[in-house]
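Now for the letters of each chain:
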Amino acid sequence: MGFPGRKTLSFFLIFVPVCLHGVLSQEAGPIRQRKPFFERLRRLEEQSLAQESQSLVLAVNQSQTTVQGDLDHIKTWMRKTQRRSRKVDSRLLALGYALRERSQQHSRERKEREAQREALSGLALDVRALQDTLARLTQAVQSQSTRLAALNGWLQVACPGTTASAWAPAQPGMPSPSSLKLQGGRQVFRASPESMDPPQDFPGHLQGTREPPGSDGQWAWPPERLGEICNVGPALVFPNTSTKNVVFLSPGFLSGLRALSVCSWVRTTSGHLGTLLSYATEENDNKLVLHGRDSLVPGSIHFVIGDPAFRELPLQPLLDGQWHHVCVIWTSILGRYWLHVDRRLVATGSRFREGYEVPPGGSLVLGQEQDTMGGGFDGSEAFVGSIAGLAIWDRVLVPREVSHLATGKELPPGAILTLANAALIGGFVQKVNCTCLELCP
């Protein structure tokens, strides 16, 4: 009876571990099979996250680049805007100063006109008094003539040999003591040569025959025709207001200028004068400018030296579409300047940039006004027309040299720049060789 129970217990002890091992091995098998799948899934998620992060980094970098470019454009625009605002402010200040000067000049001219009117009124009174005196003298002369006629009749009765012609006065006038001469023991009146004929301009002085000045207080001079002008060199033709129409002169000013003379033949086909010449440096884009635009008074031009200082020059004769010779001259000594048109001095002044020096190393162009060195052109400031015989000197030309230039006689020595220095001709500008000005377009 004890043997069977012992066999059963032994069998149970062997069977239970085996079953437990089988069960445990069945549970561990799926876990091992599932583990590689999760690892692959995790790696795929990591790869997708890495790709998304790289795409996000690239997008952020591109956004930063775009934003930085926009910021650079905004900064550049702000600098240009600030520079232009400063220029506008300086021009407004200069314009205010010019307006004050003009108002003061107008008040002075008004006072001068009032003084002239008063002087003319006094002169008219003097003329009337002189006319009254002349009338009284005429009556006295007529009375003396009557007395002389009576004396002549008495003399003919007393001395039959005396002729009446010796006593008859040639002109109404009183005989001077120097005309009394002794002839044959008696006095004979002879009219002195000075009293025979009045001066030719005598009636004019009495009646004011001289032509009065014009309403502007200046004498009106007729335009002068200079005749045929030849041998002035090539001409530059600026056909329209395109900002590409520009001519660069090279080299520019190699040394500082304390005096200069700019002379040229000019013909414009527009209703206003554009910019003839512009010299700019990195420091200031208006170091030397002969500047015109459509908003200025027709025919006027601003002569700028070291912005904002300028003088407004009258060039209205240039609007007739014909060739005219223009010379603008300046010196830092007392700030004197002169404007000659067709050899005539039409404007002058002083204390304009006294002691100033135009610096070297800038950009010199014709036909456009520079807002930046070598650029920043505006079509409203462009020159439309033709330029010939342009030359620049670093000294003051004397009137004789200006006259020789205007009549085509000779080019004064020492010119530092001419149209031969035109290094770059842009846009639609044409360089034309013509023998005489009348043949130039």
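These numbers were taken from a predicted model, which means no experiment stands behind them. (Residues numbered from 1 in each chain as written. Predicted model: local features only at pLDDT ≥ 70, side-chain atom pairs only at ≥ 80, totals over all residues. Heavy atoms only, no water.)

A. Spotlight on the overall build of the protein. Scanning the protein for helices and strands turns up four helices and 17 strands. Burial analysis of the protein (441 residues in total) assigns 30% to the buried set. Sequence separation of at least 24 residues holds for 67% of the intrachain contacts in the protein that already meet a minimum separation of 6. In the structure as shown, the protein presents an accessible area of about 28200 Å², 58% of it carried by carbon and sulfur atoms. (Helix = DSSP H or I, 4+ residues; strand = E, 2+ residues; numbered from the N terminus. Buried < 20%, exposed > 50% of the residue type's maximum accessible area, 1.4 Å probe, protein only. Contact = heavy atoms within 4.5 Å. Areas by Shrake-Rupley, 256 points an atom, 1.4 Å probe, with all protein chains shown as cover.)

B. Up close: the packing of aromatic side chains. Enumeration over the complete set of coordinates arrives at five aromatic pairs. Ring geometry for F37 and F38: centres 5.7 Å apart, planes at 70°, overall edge-to-face. For F37, a relative accessible area of 48% translates into the label partly exposed. Between Y337 and F352, the ring centres sit 5.8 Å apart and the planes meet at 80°, which makes this aromatic pair edge-to-face. Separated by 15 residues along the polypeptide, Y337 in strand 11 (residues 337–341) and F352 in the loop between strand 12 (344–349) and strand 13 (363–366) bring together distant segments of the chain. (Phe/Tyr/Trp six-rings, centres within 6.5 Å; stacked < 30°, edge-to-face > 60°.)

C. Region of the structure containing the side chain of N245. Topologically, N245 is positioned in the loop between strand 3 (235–238) and strand 4 (247–249). By relative accessible area, which is 0% here, N245 ends up buried. With near-sequence residues (within four places) excluded, N245 lies in contact with F238, P239, N240, G367, Q368, G426, G427, F428 and V429.

D. Spotlight on the pairing of strand 7 (residues 288–291). Covered by surrounding structure in strand 7 are L288 and L290 together with V289 and H291, the residues of both alternating faces. Looking at chain direction, strand 6 (residues 277–280) and strand 7 are connected through three bridges and run antiparallel. Residue pairing across strands places L277 opposite L290, the latter belonging to strand 7. Here strand 7 pairs with strand 8 (residues 300–305) via four bridges, running antiparallel. Along strand 8, the bridge assignment pairs V289 with V304. (Pairing = 2+ DSSP bridges.)

E. Quick peek at the confidence of the model for the protein. For the protein, mean pLDDT is 79; residues scoring 70 or higher make up 75% of the total. Predicted confidence for residues 162–223 stays below pLDDT 50, and this span has 53 contacts to residues more than four positions away or in other chains. (pLDDT = per-residue confidence, 0-100.)

F. Spotlight on helix 4 (residues 399–406). Buried within helix 4 we find E401, V402, H404, L405 and A406. Next to the buried residues of helix 4 lie strand 5 (259–268), strand 10 (324–331), strand 11 and strand 14 (385–393). G408, located one to two residues past helix 4, shows a positive phi value of around 70°.

G. Looking closely at the pattern of salt bridges. Considering all chains together, one arrives at nine salt bridges under this definition. Linking K87 and D371 is a salt bridge whose minimum nitrogen-to-oxygen distance equals 2.7 Å. Here K87 is found in helix 1 (residues 2–158), whereas its partner D371 is found in the loop between strand 13 and strand 14, with 284 residues between them in sequence. Both residues of the pair, K87 and D371, count as buried. Through salt bridges that share partners, K87, D285 and D371 make up one connected network. (Salt bridge = Lys/Arg side-chain N within 4 Å of Asp/Glu carboxyl O.)

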